[in-house]
Amino acid sequence: MTTPNTTEGTAAGKPGRVLVLNSGSSSVKYQLLDMSDRSRLAAGLVERIGEETSRLVHTPLTGDGGGPREREGRIADHDEALKAAAAELAADGLGLDSPELAAIGHRVVHGGLRFTEPTVITDDVLKEIERLVPVAPLHNPANITGIRTAMALRPDLPQVAVFDTAFHTTMPEHAARYAIDVETADAHRIRRYGFHGTSHAYVSRKAAALLGKEPQDVNVIVLHLGNGASASAVAGGRCVETSMGLTPLEGLVMGTRSGDIDPAVTFHLKRVAGMSADEIDVLLNKRSGLVGLCGDNDMREIRRRIDEGDERAALAFDIYVHRLKKYIGAYTAVLGRVDAVVFTAGVGENSAPVREAAIAGLEELGLAVDADLNAVRSAVPRLISPDYARVAVAVVPTDEELEIATQTFALVDN
Ligand code: ADP
């Protein structure tokens, strides 16, 4: 197996640039990285594609390129978005026609069971990603559009798909299968796939390094708490359990998603409230979670409201934290021995109150947070547990773009 999941450093030192593309339904995020030192040359975002109010923000990061440049006005589709981004890169002397560009790495949300590692995109691979659209209707079509557009722009260049699901394909059957009729499940490829895998892989590896150990020697619980949120249990470098399932809806309370609910809530909403499947989908994915509970999904705003005595915000926070605790306890049981609980992504990296509340009362599990260490703001991996704690608690900033670039470069650089 040539998986570069554990190849920290193998690709470094060699010349070459990688463009990382993350294509959403109405947005494209991009970063250009120099793999000789893993530095970022430029980053950008095109949002509201297809609307009159499209916006491109391009930030040169080479030091002498000036500040962010913004362009507003309709960008009709992904093709136009990528061409606009390419023009901005060219203006910085970093055009996509540069011989130094070694590959384009694409974030692809759903790789099903077939894609267990980063994969050079061929027609066959693209067809398989298309075949997975029924299990990822919101994500894979946008990823495919991004890939096709980039391939049309640079047909000669290797394009690599890095799958959000890949890291979770090591989950054992007893964790991946739902307890439903096997024939029905298999006929429709219904099982737990998990997402955010690139982040869980990167963060669990960094956490091992923070403990001064090899990934195969540690068991960690990773809590990726962004707007979307997921937990994973990683045993010796391999994912054995994760909280997202067939889709990213399962598991933790998120910014706008409910996470775990009794599935009968959906029949109830259909039968009693007369809602359609699409309406329930929107309710659970877009109007639930923190936003559904208190009207805000930004943890900073929720904390501000709590400080002002807002009870709805306080209850939303408590529900969010209660779910986190349940998963920490469950994954401790799944792993048997835990070396570290690791917080990452927007909330995990920045919200000391969430970290404190999630770990509070878990002393019996060997967990504790040191208030002073927890209050430190820093962009580097760090421990926030006191020396006496049996299990380390850490904050490890995630870097999905660097991980995609590293995996992409390791695959094409030979
Ligand atoms: P995603 O990639 O899923 O969009 P991020 O990982 O960027 O999300 O996380 C975004 C979330 O992080 C915001 O919605 C907000 O709740 C939270 N967040 C960002 N900065 C802070 C901060 N300084 N304090 C608390 N929460 C923060």
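Residues numbered from 1 in each chain as written. Predicted model: local features only at pLDDT ≥ 70, side-chain atom pairs only at ≥ 80, totals over all residues. Heavy atoms only, no water.

A.B. asks: Please clarify how the pairing of strand 9 (residues 219-225) should be interpreted in this entry.
C.D. replies: Taken residue by residue, a regular strand's side chains alternate between the two faces of the sheet. Counting buried positions over the 7 residues of strand 9 gives 7, a clear majority of the element. Residues N219, I221, L223 and L225 of strand 9 are buried on one face, and the alternating residues V220, V222 and H224, pointing to the opposite face, are buried as well. Judged from the 7 bridges that link them, strand 9 and strand 10 (residues 229-235) form a sheet pairing that is antiparallel. Pairing of I221 across the sheet is with A233, part of strand 10. Counted along the chain from strand 9 to the antiparallel partner strand 10, the turn is 3 residues long. The sheet contact formed by strand 9 and strand 12 (residues 340-344) spans 5 bridges and is parallel. (Buried < 20%, exposed > 50% of the residue type's maximum accessible area, 1.4 Å probe, protein only. Helix = DSSP H or I, 4+ residues; strand = E, 2+ residues; numbered from the N terminus. Pairing = 2+ DSSP bridges.)

A.B. asks: Help me understand the pattern of salt bridges, please; the structure alone is not making it clear to me.
C.D. replies: Where charged atoms of side chains with opposite charge meet at close range, the side chains can pair. Tallied over the entire structure, the rule returns 26 salt bridges. Among the ionic pairs, E47 bridges to R55, the shortest N-O distance being 2.9 Å. Here R305 ties to D296 by a salt bridge, and the two come within 2.8 Å at their closest N and O atoms. With relative accessibility at 12%, the residue R305 sits in the buried group. (Salt bridge = Lys/Arg side-chain N within 4 Å of Asp/Glu carboxyl O.)

A.B. asks: Help me understand the site of the ligand, please; the structure alone is not making it clear to me.
C.D. replies: Neighbouring the ligand are 13 residues; N227, M299, R300, G346 and N350 lie closest to it. Within the contact set of the ligand, a nitrogen atom lies 3.4 Å away from a side-chain nitrogen or oxygen of R300. When the ligand sits alone it has 580 Å² of accessible area, and the protein chains cover 67% of it. At the level of secondary structure, the elements contributing two or more residues to the shell around the ligand comprise helix 10 (299-307) and helix 12 (345-350). The residue makeup of the shell around the ligand, split by class, is 3 nonpolar, 7 polar and 3 charged. (Near = heavy atom within 4 Å. Polar contact = N/O pair within 3.5 Å; in protein donor to acceptor, adjacent residues only side chain to side chain. Areas by Shrake-Rupley, 256 points an atom, 1.4 Å probe, with all protein chains shown as cover. Nonpolar A, V, L, I, M, F, W, Y, C, P; charged D, E, K, R; others polar.)

A.B. asks: I keep staring at the domain arrangement of the chain and nothing clicks. Help me out?
C.D. replies: In terms of domains, the chain is made up of domain 1 (17-163) and domain 2 (213-400). Taken together, the 4 residues of domain 1 in the interface contact 4 residues of domain 2. Interface area, domain 1 with domain 2, both sides summed: about 380 Å², of which 45% is carbon and sulfur. On the domain 1 side of the interface with domain 2, the three residues burying the most area are R40, V135 and H139, jointly 62% of the side's total. Linking domain 1 to domain 2 there are 1 salt bridge. Across the pair D399 and R40 runs a salt bridge whose closest N-O atoms are separated by 2.5 Å. The interface formed by domain 1 and domain 2 includes 1 residue pair in polar contact (both at pLDDT 80 or more). Of the residues belonging to the side of domain 1 that touches domain 2, the class tally is 1 nonpolar, 2 polar and 1 charged. (Domains from an automatic or database assignment. Contact = heavy atoms within 4.5 Å. Buried area = accessible area lost by both parts, 1.4 Å probe.)

A.B. asks: Could you clarify how one ought to interpret helix 1 (residues 78-91) in this entry?
C.D. replies: An ideal rise of 1.5 Å per residue puts 20 Å on 14 residues; helix 1 measures up with 20 Å between its terminal C-alpha atoms. Of the residues making up helix 1, those classed as buried are H78, A81, L82, A84, A85, A86, E88 and L89. The secondary structure elements touched by the buried residues of helix 1 are strand 1 (17-23), strand 2 (28-34), strand 3 (39-47), strand 4 (55-60), strand 5 (69-72) and helix 3 (140-153). Once helix 1 ends, the next one or two residues include G93, with phi positive near 75°. (Expected span 1.5 Å × (residues − 1).)

A.B. asks: What is the right way to look at helix 11 (residues 311-335) in this model?
C.D. replies: In an α-helix, one full turn covers 3.6 residues, which means residues spaced three or four apart are oriented alike. Counted at 1.5 Å a residue, the expected span for helix 11 with its 25 residues is 36 Å, and the 36 Å between its end C-alpha atoms agrees. When we look at burial in helix 11, the residues that qualify are A313, A316, F317, Y320, V321, R323, L324, Y327, I328, Y331, T332 and L335. With a side-chain oxygen lying 3.0 Å from the backbone nitrogen of R312, the N-terminal cap of helix 11 falls on D310. Residue G336 follows helix 11 closely and has a positive phi angle near 80°.

A.B. asks: I tried to follow the confidence of the model for the chain on my own but got confused; where do I start?
C.D. replies: Detailed reading of the predicted coordinates is not advisable wherever pLDDT falls low. In the predicted model, the chain carries a mean pLDDT of 94, and 97% of its residues have values of at least 70. Low confidence marks residues 1-11, where pLDDT is under 50. Its contacts with residues over four positions away, or in another chain, come to 21 contacts. (pLDDT = per-residue confidence, 0-100.)

A.B. asks: I'm lost on the packing of helix 1 against helix 3 in this one. Help?
C.D. replies: Two numbers describe a pair of packed helices, the interaxial angle and the distance between the axes. One can describe the packing of helix 1 onto helix 3 by two numbers: an axis separation of 9 Å at closest approach and a directional angle of 55°. The pairing of helix 1 with helix 3 is recorded here as oblique in orientation. The element helix 1 and its partner helix 3 pack so that their crossing is right-handed. Residues H78, D79, L82, K83 and A86 of helix 1 touch helix 3, and the partners they reach there are T145, G146, T149, A150 and L153. Its residues assigned to classes, the contact of helix 1 with helix 3 comprises 4 nonpolar, 4 polar and 2 charged. (Axes fitted to C-alpha atoms, helices over the stretch in contact; angles between N-to-C directions. Parallel < 35°, antiparallel > 145°, perpendicular 65-115°, else oblique. Left-handed = near helix turned anticlockwise from the far one by under 90°.)

A.B. asks: Whenever I open this one, the packing of aromatic side chains confuses me. Can you help?
C.D. replies: How two aromatic rings sit relative to each other is given by the distance of their centres and the angle of their planes. Taken as a whole and judged by the stated rule, the model has 2 aromatic pairs. Consider the rings of F115 and F163, whose centres lie 4.5 Å apart with planes at 5°: the pair is stacked. Pair noted here: F115 is in the loop between strand 6 (101-108) and strand 7 (119-120) and F163 is in strand 8 (residues 159-163), with a separation of 48 residues, a long-range link. For F163, a relative accessible area of 2% translates into the label buried. (Phe/Tyr/Trp six-rings, centres within 6.5 Å; stacked < 30°, edge-to-face > 60°.)

A.B. asks: Any chance you could explain the packing of helix 10 against helix 11 here in plain terms?
C.D. replies: As a packed pair, helix 10 and helix 11 sit with axes 8 Å apart at the nearest point and diverge in direction by 125°. One finds that helix 10 runs oblique with respect to helix 11. Read as a crossing pair, helix 10 and helix 11 show a hand that is left-handed. Here M299, I302, R303, R305 and I306 of helix 10 lie close against helix 11, whose contacting residues are R312, A313, A314, F317 and Y320. The residue inventory of the contact of helix 10 with helix 11, partitioned by class, reads 7 nonpolar, no polar and 3 charged.

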